[in-house]
Amino acid sequence: MELLEWLAATTLAVELRRSATLYMFVNAAHILAIGLLVGAILPLDLRLAGFFGKVPVEVVAPFLSCSAGVGLALALLTGFCLFSVRPGEYAANPAFLAKLGLIAFGILNVLLVHAGPGWRAAMTIGIVRPAMRFSAALSAIIWIAAVVAGRWIGFL
């Protein structure tokens, strides 16, 4: 609890609470970052899961993966800023906790995929193995669920 109170008292949190304009821009940046993340990860996941077979995975995957990574980094940064405004309320919100869990699961899935031989095979020779197809389908479900959980926060 002390950590949450400290976070709420930081200059960043105070300024975001004071300035509706600053809060609006950070919130808009968060939405855009999520758009970049999901807008890159879903086409990649769909391609890896077996859809759009005529699209060469070794061509699109590096770009979409990098774009999703940038979107994730920006979403985490802006999300932390928004969290700092009311950390106690968010920490007690089941939808927020579900969103955090889903994001953690999504990141773990990405790390496991990128560390495995299936990713290297897909990037170099364009062969997508069954385990990669499963991980891609799981990824799509996880990130969509994280977006739904994020929207759910405001309703609890």
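Residues numbered from 1 in each chain as written. Predicted model: local features only at pLDDT ≥ 70, side-chain atom pairs only at ≥ 80, totals over all residues. Heavy atoms only, no water.

Enquirer: Would you mind going over helix 6 (residues 94–115) with me for this structure?
Expert: Every α-helix carries 3.6 residues per turn, so stepping three or four residues along brings you back to the same face. End to end, helix 6 covers 31 Å across 22 residues, agreeing with the expected 32 Å (1.5 Å per residue, within 8%). Every buried residue belonging to helix 6 is among A95, F96, K99, I103, G106, N109 and V113, and all of these are buried. Buried residues along helix 6 cover an arc of 145 degrees about the axis, so they all sit on one side. Residues of helix 6 that are exposed and point more than 90 degrees away from the buried face comprise L111, L112 and A115. Residues of helix 6 that are buried in the fold lie against helix 3 (20–49), helix 4 (57–85), helix 5 (87–91), helix 7 (117–125) and helix 8 (130–153). (Helix = DSSP H or I, 4+ residues; strand = E, 2+ residues; numbered from the N terminus. Expected span 1.5 Å × (residues − 1). Buried < 20%, exposed > 50% of the residue type's maximum accessible area, 1.4 Å probe, protein only. Arc of directions from axis to C-beta. Contact = heavy atoms within 4.5 Å.)

Enquirer: Hey, could you run me through the pattern of salt bridges in this one?
Expert: Between side chains of opposite charge, a pair can form as their charged atoms come close. In the structure shown here, the tally under the stated rule is 2 salt bridges. For E15, the salt bridge identified is with R18, shortest N-O distance 3.1 Å. Placement of both E15 and R18 in helix 2 (residues 11–18) is noted, with a separation of 3 residues, approximately one turn of the helix. Among the residues examined, R18 registers a relative accessible area of 65% and is labelled exposed. In this structure, the salt-bridge partner of R86 is E89, at a minimum N-O distance of 3.5 Å. Relative accessible area serves as the criterion here: at 38%, R86 is assigned to the partly exposed category. Owing to a relative accessible area of 53%, E89 belongs among the exposed residues under this scheme. (Salt bridge = Lys/Arg side-chain N within 4 Å of Asp/Glu carboxyl O.)

Enquirer: Where do I start with the layout of surface pockets in this structure?
Expert: Unfilled space is identified by rolling a water-sized probe across the atoms. When its volume is computed, the largest pocket comes out at roughly 870 Å³. Along the walls of the largest pocket sit 30 residues, with H30, I34, K99, G150 and I153 positioned nearest its centre. Split into classes, the residues belonging to the lining of the largest pocket amount to 20 nonpolar, 6 polar and 4 charged. Looking at the second largest pocket, it is lined by 19 residues, and the ones nearest its centre are I41, L44, S65, V110 and H114. Mapped onto the lining of the second largest pocket, the elements with two or more residues apiece are helix 3, helix 4, helix 6 and helix 8. (1 Å grid on protein atoms, 1.4 Å probe; cavity = no way out; pocket = protein on both sides within 12 Å on 5 of 7 lines; lining within 4 Å. Points joined across faces, edges and corners; volume = space filled by probe spheres on them. Nonpolar A, V, L, I, M, F, W, Y, C, P; charged D, E, K, R; others polar.)

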